[in-house]
Amino acid sequence: MRFSALKRDERAGYEGHIVPASSLLEVAKALRDEDGFDLLSSVTAVDYLTDNEEEESFFEVVYHLYKSTGGGAEVLRVQVPRENPVVPSLVELYPGADFQEREAWDLMGIKFEGHPDLRRILMWEGFAGHPLRKDWKEVYFEEEAKPFGNRWPGGQVYRVEDQNPYGKNNQYPDGFDPESWVETEDPLLYENLEKAAREYTEDIDTEQVVVNLGPQHPSTHGVFRMAVRLDGETIVALKPVMGYLHRNHEKIGERNTYIMNMPFTDRLDYLASMSNNFGYALAVEKLMGDKVAPPERAEYLRVIMAELTRISNHLWAIGFLLNDLGAFFTPALYAIEERELILDIFEATAGSRMMCNYFRFGGVARDLPAGILPRMKDLVNERLPRKIDELDLYLSENELVRSRGEGVGIITPEDAIAFSATGPVLRASGVPYDIRRADPYSIYDRFKFDVAVRYHGDVYDRYMIRVDEMRQSLRILKQALKDLPEGEILTGHNPYQVRVPAGEAYGRVEGPKGELGYYIVSNGKPSPWRYHVRAPSFINLTILEKMCVGQKVADVVVNLGSIDIVLGEVDR
């Protein structure tokens, strides 16, 4: 690197460069403009709290930068003291840092100087403290790591809140009186909504109104809220509000043992548990090294399950997008019927239809049962191609789909990259970026398939890209099922506990909704020191306001549907 301020991270098991906070903007701008690292994929905050008096505690913000033309990561790290953690905001350079910086502020308490809207995003504004800090303890805190002593080995199970003399698992911050507290509106949200609306001008002087869409509404695809400011029926500002489903997945993950986290990943994008397993397994396997390299048969089974998951996800996404367009449930039911056949495969193999818990470090949990392979081949070679063609035939030229989709919610390729969009949202805007090709993992480099891409960046192309991708997934599946080798499905045995060397790793996969990444820091103990999920549903929402401003209320619903979010992954 040509910057004198940069120094290579010399810690064992780490990669990338450490940059002073004062030089971050200069370095990031040069990497983007001169070196082509135009895609800021992930922003992760880590709390390096230590009890050792000879070592200094600090926060570290880790940035994973990629080129939209493909290739590996450039990793930047900014280290700041825990007493006053301030880091320059990258939102002006990379708008996709917006929600990720807010998340780091919310859960870690790191201030991003210059951020245009730095407020909590997953916790409510009145929440006391920053719960991912290592010294933050909930009122019913039991132990730092599992398995808890009252469960194993003695098995004398009790509920911690039962030990509380008040019999409750809540506590109040200093100076808070629940008797005198009065609920108020969210002032920061509406203040920023008004600020964003000031840039909108109209020939006729009309009164603007604020409307909340959700969180309890079928068009929001879960407990999700959009606070919108309207001029008539025109959107002049929009702020997504999330966190209603937040259960601090990452805090739980840092107390679980490594293998305990596998079924927890199922609960993120609960429509794509196999892909969730895949990304997490890759991250831990990077830390563990070649000793857990999966056998050939396991690699093929992983790809097969991931591509079946992609088809299953896109069938669901298309069906419910048609719901949002007004074709209530008829197209969705046809799509769901095919998805159910894929879930039959998952149930026969993994034992569960949705929460599959199928991947293991070094392979998969179990082999295909007798008789299931012919069913898979029939589904992939015969039924699914016909049914995808039928969906295409009946929907793609439908007047409703085209009139409500074409020219609506346009995202330019430049904006898609700048806002860190990935997956179908990015490729529908003319950027052929697919991690399976751009930075291959597992055995994807063995298969012939095309990166699906569309060029208008509107709702219609985000629908069509999923049709295209299902066909490419079928191409991969036909090759994988044809070449599936015999052999072992797991390296070594299936342990209840694994030894993970100290270090860090970022494992990412091309999930159905985009880049799903897991950043893990190990200190050599049974639980991860840091466990962070780069959730595509969460980050793809960053551009929602930009794609909705100037459009009508009805367009907001289809814009959101075309992004394809799952709130379990958004909120974690």
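Residues numbered from 1 in each chain as written. Predicted model: local features only at pLDDT ≥ 70, side-chain atom pairs only at ≥ 80, totals over all residues. Heavy atoms only, no water.

What about the overall build of the protein?
The line we're drawing: Working definition: helices are DSSP H or I runs of at least four residues, strands are E runs of at least two. Numbering for both runs from the N terminus. What the globule rule says is 2.2 Å times the number of residues to the power 0.38, and the radius of gyration is computed from C-alpha atoms. Whether a residue is buried, partly exposed or exposed follows from its accessible area with a 1.4 Å probe, protein chains only, as a fraction of its type maximum: under 20%, in between, or over 50%, in that order.
Regarding its fold elements, the protein presents 18 helices and 15 strands. Taking 2.2 N^0.38 as the reference for a compact globule, 572 residues should give roughly 25 Å; the C-alpha atoms of the protein span a radius of gyration of 24 Å, in line with that estimate. Principal axes of the C-alpha set define a box for the protein whose edges measure 70 × 65 × 60 Å. Counting across all 572 residues of the protein, residues that qualify as buried make up 57%.

A word on the domain arrangement of the protein
Selection rule: The domain boundaries here were taken from an automatic or database domain assignment. Note on definitions: buried area is the accessible-area loss of two parts on being combined, 1.4 Å probe, summed for both. A carboxyl oxygen of Asp or Glu within 4 Å of a side-chain nitrogen of Lys or Arg is what we treat as a salt bridge. By the criterion applied in these results, polar contacts are pairs of N or O atoms within 3.5 Å in which, for protein atoms, one can donate a hydrogen and the other can accept it, and in which residues neighboring in sequence qualify only through two side-chain atoms.
Each domain of the protein was delimited in the assignment, giving domain 1 (7–113), domain 2 (187–241) and domain 3 (249–571). On a C-alpha basis, the centres of domain 1 and domain 3 stand 27 Å from each other. The contact between domain 1 and domain 3 buries some 2400 Å² in all, and 59% of this surface belongs to carbon and sulfur atoms. Viewed at the interface, domain 3 and domain 1 are joined by one salt bridge. Two residues, arginine 77 and glutamate 504, come together in a salt bridge whose shortest N-O distance is 2.6 Å. Applying the counting criterion to the domain 1 and domain 3 interface returns twelve residue pairs in polar contact (both at pLDDT 80 or more). Residue assignment for the side of domain 1 that touches domain 3 shows that the elements contributing at least two residues are strand 3 (39–48), strand 4 (58–66) and helix 2 (98–108). The leading source of residues in the side of domain 1 that touches domain 3 is strand 3, at ten residues.

Considering the packing of helix 7 (residues 296–325) against helix 17 (residues 553–563)
Convention followed: The angle between two axes is taken between their N-to-C directions and runs from 0 to 180 degrees, where each axis is a line fitted to C-alpha atoms and a helix contributes only its stretch in contact. Angles are sorted into four bins: roughly parallel if under 35 degrees, roughly antiparallel if over 145, roughly perpendicular if 65 to 115, and oblique for all others. Residue contacts are counted whenever heavy atoms from the two residues lie within 4.5 Å of one another. Three classes are used: nonpolar for Ala, Val, Leu, Ile, Met, Phe, Trp, Tyr, Cys and Pro, charged for Asp, Glu, Lys and Arg, and polar for all others, with Gly counted as polar.
With their axes 9 Å apart at the nearest point, helix 7 and helix 17 run at an angle of 180 degrees to one another. Between helix 7 and helix 17, the crossing angle belongs to the class labelled roughly antiparallel. Residues Leu321, Asp324 and Leu325 of helix 7 lie in contact with helix 17, whose contacting residues are Val557, Val558, Gly561 and Ser562. Residue classes in the contact of helix 7 with helix 17 are distributed as four nonpolar, two polar and one charged.

A few points about the sheet that holds strand 2 (residues 17–18)
Put simply, the rule reads: Two strands qualify as a pair provided that DSSP identifies no fewer than 2 bridges between them.
One open sheet accounts for five strands, arranged 1-2-5-4-3; its pairing is mixed. Where the open sheet ends on each side, the last strands, each with one partner, are strand 1 (7–8) and strand 3. As defined by bridge partners, strand 2 adjoins strand 5 (residues 74–81) across two bridges and the pair is classed as parallel. The residue bridging histidine 17 from the neighbouring strand is leucine 76, located in strand 5. Its contacts with the sheet place helix 1 (residues 24–33) against strand 4 and strand 5, and it is angled at close to 170 degrees to strand 5. Against the sheet, helix 2 makes contact with strand 3 and strand 4, and its axis sits at roughly 10 degrees relative to strand 3, the strand it touches most.

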